[in-house]
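# Coordinate inspection notes
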Amino acid sequence: MFERFKSLMSQSLKRTSSQMNEVDLLELLYWIKVIIAVAVGLVVGLTGIRGATGHLVAAGIFFFVFSTYTTRVIKVDEDSYGGRLELLKDSGMQVYATFVLTWILSYTAFHS
């Protein structure tokens, strides 16, 4: 599993999204979203943010980092995938659940 991720990351650093096939690109974007969700969950949990504030902070950070990565690093043509919102919604609940689980575990571990 991690070998596949490493190969996708190396492909993304060497090429633009137009040189990757659609399945590889969507898989790469999924793993990028998971990494961002875990990182943001740790940050929000360690800082002790609670409630709706944590959700709003996470949504803002997630949207900014993911949008920057897709438009500037791998140069995704968002229109060919239905727009930026469609790329964000793809596997959105799994990524959100990963964020919430990481947030709960890190908050509980450091603040209880």
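Scroll up a little and you will see the structure.
This report concerns the structure included in the present document. As the structure is a computational prediction, the values presented were derived from the model and not from experiment. (Residues numbered from 1 in each chain as written. Predicted model: local features only at pLDDT ≥ 70, side-chain atom pairs only at ≥ 80, totals over all residues. Heavy atoms only, no water.)

## A look at the overall build of the protein
- Check the secondary structure of the protein and you find five helices and zero strands.
- Each helix (α) and strand (β) of the protein, taken in turn from the N terminus, gives the series α-α-α-α-α.
- Per-residue burial for the protein yields a buried fraction of 35% across its 112 residues.
- If you take every contact in the protein between residues at least 6 apart in sequence, the share linking residues at least 24 apart comes to 73%. (Helix = DSSP H or I, 4+ residues; strand = E, 2+ residues; numbered from the N terminus. Buried < 20%, exposed > 50% of the residue type's maximum accessible area, 1.4 Å probe, protein only. Contact = heavy atoms within 4.5 Å.)

## A word on the layout of surface pockets
- The calculated volume of the largest pocket comes to roughly 250 Å³.
- Looking at the largest pocket, it is lined by 13 residues, and the ones nearest its centre are Ala58, Ala59, Phe62, Tyr96 and Phe99.
- Elements supplying a minimum of two residues to the lining of the largest pocket: α2 (22-47), α3 (52-73) and α5 (92-111).
- The greatest single-element share of the lining of the largest pocket, amounting to five residues, is contributed by α3. (1 Å grid on protein atoms, 1.4 Å probe; cavity = no way out; pocket = protein on both sides within 12 Å on 5 of 7 lines; lining within 4 Å. Points joined across faces, edges and corners; volume = space filled by probe spheres on them.)

## Thoughts on the packing of aromatic side chains
- In total, this model carries four aromatic pairs according to the counting rule given.
- Taken together, a centroid distance of 5.3 Å and an interplanar angle of 75 degrees make the contact between tyrosine 30 and tryptophan 31 edge-to-face.
- Of the residues examined, tyrosine 30 reaches a relative accessible area of 28% and is grouped as partly exposed. (Phe/Tyr/Trp six-rings, centres within 6.5 Å; stacked < 30°, edge-to-face > 60°.)

## Thoughts on the pattern of salt bridges
- In this structure the tally under the stated criterion is one salt bridge.
- Note that lysine 89 is salt-bridged to glutamate 86, the shortest N-O span being 3.1 Å. Of this pair, lysine 89 and glutamate 86 both sit in helix α4 (residues 84-89), separated by three residues, roughly a single helical turn.
- The exposure class of glutamate 86 is partly exposed, given its relative accessible area of 37%. (Salt bridge = Lys/Arg side-chain N within 4 Å of Asp/Glu carboxyl O.)

## Some remarks on the side chain of serine 106
- When you line up the elements, serine 106 lands in helix α5.
- With a relative accessible area of 4%, serine 106 lands in the buried category.

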